[in-house]
Amino acid sequence: MKFSLSYRTAAFIGGLLFVLTTSAIGQTYPTKPVNIISTLPPGSTVDALARVFGQQLAARLKASVIIENKAGAGLVLGMQAVAMAPADGYTLAFTPVTPLTIQTHRQKTLAFTLDSFVPLCQTFENVFFLAVSPKSDIKDARALIAKLKNNPGQFSYGHSGAGSAPHLMAEEFWRSLSVVATDVPYKGETAFLSDLISGNLEGGMVTTAALQQNKFQPLMVFGNTRSKAFPDVPTAAELGANVMPSAYGGLFVRKGTPAEIIMQLETLCKDIITTSVYQQQAASLQQSATYLDRGGFTARLVADYESKGRLLSRLTIKD
């Protein structure tokens, strides 16, 4: 017995099979523990947020979620582990974006590129300020900019390391305004705080937590909007500078992961980041739990990557 299907009937059956297949796959994920790799050490701010996120994800997936710390090499080790894992949605990264936006430019032999991952959502932002000691005679950013236009290099500021996000944000700021300051690299933020307190260092690129704890005088904030904690402090953009804030991060999965799993994780990510539990934990750590969906997060990541590439091509950085 011969029969034929109309185009519409065939299309309907094909669509139905697709829905049934993807539904079946979605219902079978996960069938084993999900591993979230934190690219920073246990006890760090990002690790603390990753653990809250993991607890919330486990409750929603009704499955075990394991947080694994793989720190080191400028956060590259953790991202390399995700890049080498199967593209099945069982290995995620909860990390700052710097191994993708900065290290991919600085380290040419990495086992991954920006395109090796799918950015699922933005989960946090660490806001930085340019600040001075309370004893400083510099009271606002515009006065500092005017000083540097007449006296290039006559302002020294500390940061957490050559090629770090705060270092490159500051460099973008100075170069955008055609002024020159003297950067002083340290091994981490805490390493230069005593010099900033004593006045041996004129300024520093500090986090919100360090700013509040040490009562430094903030001159500007590196963010798209003013800080709620310091509403009178202008953003870099308000001062006429073009700076791409880079101290943010999110959730990533390896490229090639099935689309239905990516969609499921993206949906859960939004649900988790907007919960009071996650928001309160972020606030207690002086982090901004600013959510961006996959499209918004990807666009920001690409723009940041391109901006840092242009900057690093003009800088000579000694590690």
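Residues numbered from 1 in each chain as written. Predicted model: local features only at pLDDT ≥ 70, side-chain atom pairs only at ≥ 80, totals over all residues. Heavy atoms only, no water.

A.B. asks: Mind showing me how you'd approach the overall build of the chain here?
C.D. replies: Scanning the chain for helices and strands turns up twelve helices and ten strands. Here the chain holds 319 residues, and the buried ones make up 50% of them. The contacts of the chain with a sequence gap of at least 6 include a subset with a gap of at least 24, amounting to 78%. Carbon together with sulfur atoms contributes 55% to the accessible area of the chain, which is approximately 15,200 Å² in total. (Helix = DSSP H or I, 4+ residues; strand = E, 2+ residues; numbered from the N terminus. Buried < 20%, exposed > 50% of the residue type's maximum accessible area, 1.4 Å probe, protein only. Contact = heavy atoms within 4.5 Å. Areas by Shrake-Rupley, 256 points an atom, 1.4 Å probe, with all protein chains shown as cover.)

A.B. asks: Would you take a moment to explain the sheet that holds strand S6 (residues 156-159) for this structure?
C.D. replies: What holds strands together in a sheet is hydrogen bonding between their backbones, with the strands either parallel or antiparallel. Across the sheet, five strands lie side by side as S7-S6-S8-S5-S9; this open sheet has mixed pairing. Looking at strand neighbours, the two that pair on one side only are strand S7 (182-185) and strand S9 (217-222), the edges of this open sheet. Pairs of neighbouring strands in the sheet enclose a mean axial angle of 30°, with direction left out of account. The pairing of S6 with strand S8 (residues 203-207) spans two bridges and is classified as parallel. Paired with Tyr 157 across the strands is Gly 203, a residue of S8. The sheet strands contacting helix H8 (residues 190-198) are strand S5 (128-132), S6 and S8, and the helix crosses S8 at an angle near 130°. (Pairing = 2+ DSSP bridges. Axes fitted to C-alpha atoms, helices over the stretch in contact; angles between N-to-C directions.)

A.B. asks: Quick question: what am I supposed to make of the layout of surface pockets here?
C.D. replies: A water-sized probe, rolled over the atoms, reveals where empty space remains. Its boundaries defined by the atoms lining it, the largest pocket holds a volume of some 1,100 Å³. Around the largest pocket, the lining is made up of 38 residues, and of these Leu 40, Asn 126, Phe 128, Ser 160 and Pro 166 lie nearest the centre. When residues of the lining of the largest pocket are traced back to their parent elements, those giving at least two are helix H2 (45-61), helix H5 (103-106), helix H7 (165-176) and helix H9 (208-214). When its residues are assigned to classes, the lining of the largest pocket shows 17 nonpolar, 18 polar and three charged. (1 Å grid on protein atoms, 1.4 Å probe; cavity = no way out; pocket = protein on both sides within 12 Å on 5 of 7 lines; lining within 4 Å. Points joined across faces, edges and corners; volume = space filled by probe spheres on them. Nonpolar A, V, L, I, M, F, W, Y, C, P; charged D, E, K, R; others polar.)

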